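This is what each chain is made of:
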Amino acid sequence: MIRLHLAAVLTGCFLDLCFGDPRWLWHPVCGIGSLISWLEGKLRERFPKGEVGERRAGLWLMILVLLITGTVSGAILWAAYFLSPYAGFFIESIMCGQMMAWRSLREESMKVYKAFSNGDVEGARQAVSMIVGRDTKELSEEGITKAAVETVAENTSDGIIAPLLFMAFLGGVGVFLYKAVNTMDSMVGYKNERYLWFGRAAAKLDDACNFIPARLSAALMIGAGYVCQFFYGIRKKRNPYSGRNGFLIFKRDRFNHKSPNSAQTEAVCAGALQIQLAGNACYFGKLYEKPTIGDAVRPVEYEDIPRANCLMTVTYVLALIPVFLLFLIVF
């Protein structure tokens, strides 16, 4: 069973590598998102407004979403393995593949790069608005690029390494539960008037679930910085990567964010690329003052988008190596 489970994890990663998230295929996260929206409406009707009522409603939202997600995904996987080990392997592979985000993250961020390459700033702004939560209407070219790079850096943990860890240790059900937590945080985990109390439980659980993955992702990305620096240095004189600087900025700036996890990989990415990220940003029309991450050793340029994707990809490969070795041991 362990052999089939690890094979399903690796197959799921391969499916994501090849196909990503086809638009014609329904995605479970859409179902989880619809469930969250429906439960939010019902719970807000049932519980009174105000801190106490909204905290309780948010706690029940978290419990019910996890209970329903775990029950449905667990029942599907149990039924598949009950029918046949191969049916179980097939279904778990699909489940794991749909929860990985390497290809979609790379494709969506590279749309920003391609727009810039064609001189289409408005196209780049539109493309980046699809992958970030901040307001993008007033962003400069540098701001658009920084937003794309920051998204790649942060989601290296949230969209790749964390799901890989959860499905490696807890299988298809585990990664579905992780994605449920992650989706709740992205939908209700805002510190604004509507969600300050209602989304508190989901936000705290997301912080807890990502505590170890974010730090592991940062450690792997530091290694990726050295790998990119080595291979890039072989063929080009001007090397934009610095593994050592990635480590130094990580040590200094890894907590320069209100979230205990978000700046972990952003700090490594900023240091490894020798640029400055983060800083003030607008969300829902309101300006939020945020500390910067990294030093402006050189100006941010749109070529940093594929460079950040290279860091993300090498980080992913480094994370897959122990999973593959474990599979070979138990095979």
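Structure's up top.
In this report, we go over the structure that sits alongside the text. (Residues numbered from 1 in each chain as written. Predicted model: local features only at pLDDT ≥ 70, side-chain atom pairs only at ≥ 80, totals over all residues. Heavy atoms only, no water.)

We now examine the layout of surface pockets. The calculated volume of the second largest pocket comes to roughly 330 Å³. Taken together, 15 residues form the lining of the second largest pocket, with Trp26, Pro28, Val72, Ile76 and Phe176 sitting closest to its centre. Of all elements in the fold, only helix H2 (28-46), helix H3 (51-83) and helix H4 (85-99) reach the threshold of two or more residues within the lining of the second largest pocket. The dominant element in the lining of the second largest pocket, judged by the number of residues it contributes, is H3, at five residues. (1 Å grid on protein atoms, 1.4 Å probe; cavity = no way out; pocket = protein on both sides within 12 Å on 5 of 7 lines; lining within 4 Å. Points joined across faces, edges and corners; volume = space filled by probe spheres on them. Helix = DSSP H or I, 4+ residues; strand = E, 2+ residues; numbered from the N terminus.)

Turning to the pattern of salt bridges, a few remarks are in order. In total, this model carries twelve salt bridges according to the counting rule given. Put simply, Arg307 and Glu301 hold a salt bridge, and the shortest N to O gap is 2.7 Å. A relative accessible area of 9% places Arg307 in the buried class. Here the salt bridges share partners, and the residues they tie into one network are Arg298, Glu301, Asp304 and Arg307. (Salt bridge = Lys/Arg side-chain N within 4 Å of Asp/Glu carboxyl O. Buried < 20%, exposed > 50% of the residue type's maximum accessible area, 1.4 Å probe, protein only.)

Of note, Gly189 is situated in the loop between helix H7 (141-188) and helix H8 (200-235). Using a relative accessible area of 23% as the deciding quantity, one classes Gly189 as partly exposed. With residues near it in sequence (within four places) discarded, Gly189 still touches Met184, Gly199 and Ala203. (Contact = heavy atoms within 4.5 Å.)

Between its first and last C-alpha, helix H10 (residues 262-273) extends 17 Å over twelve residues, near the 16 Å set by a 1.5 Å rise per residue. Along H10, twelve of the twelve residues are buried, which leaves the element largely enclosed by surrounding structure. Regarding H10, the residues found buried are Ser262, Ala263, Gln264, Thr265, Glu266, Ala267, Val268, Cys269, Ala270, Gly271, Ala272 and Leu273. As for H10, its buried residues are in contact with H7, H8, helix H9 (243-253), strand E1 (277-278), strand E4 (292-293) and helix H11 (304-330). Once H10 finishes, Gln274 follows within two positions and takes phi at roughly 60 degrees, a positive value. (Expected span 1.5 Å × (residues − 1).)

So, about the packing of helix H5 (residues 102-117) against helix H6 (residues 121-129). Relative to each other, H5 and H6 sit at 175 degrees, their axes nearing to 7 Å. One element, H5, and the other, H6, form an angle in the roughly antiparallel class. In this structure, H5 uses Lys111, Val112, Ala115 and Phe116 to contact H6, whose residues at the interface are Val121, Gly123, Ala124, Ala127 and Val128. Of the residues contributing to the contact of H5 with H6, the split by class is seven nonpolar, one polar and one charged. (Axes fitted to C-alpha atoms, helices over the stretch in contact; angles between N-to-C directions. Parallel < 35°, antiparallel > 145°, perpendicular 65-115°, else oblique. Nonpolar A, V, L, I, M, F, W, Y, C, P; charged D, E, K, R; others polar.)

Next up on the list: the side chain of Lys179. With respect to the secondary-structure elements, Lys179 resides in helix H7. Among buried Asp, Glu, Lys and Arg side chains, Lys179 stands out as unpaired, with Asp21 the closest opposite charge at 7.9 Å. Leaving out residues up to four positions away in the same chain, Lys179 has contacts with Val29, Met99, Asp158, Gly159 and Pro163. (Lys, Arg positive; Asp, Glu negative; His and termini not counted.)

Our next topic: empty space enclosed by the protein. One simple way to see leftover space: roll a probe sized like a water molecule over the atoms. Scanning the entire structure with this criterion turns up one cavity of 30 Å³ or more. The space that makes up the largest cavity amounts to roughly 30 Å³. Every residue lining the largest cavity is listed: Glu154, Ser157, Asp158, Ala214, Asn261, Ser262 and Thr265. The set of elements that each furnish at least two residues to the lining of the largest cavity consists of H7 and H10. Ranked by residue count, the leading element in the lining of the largest cavity is H7, at three residues.

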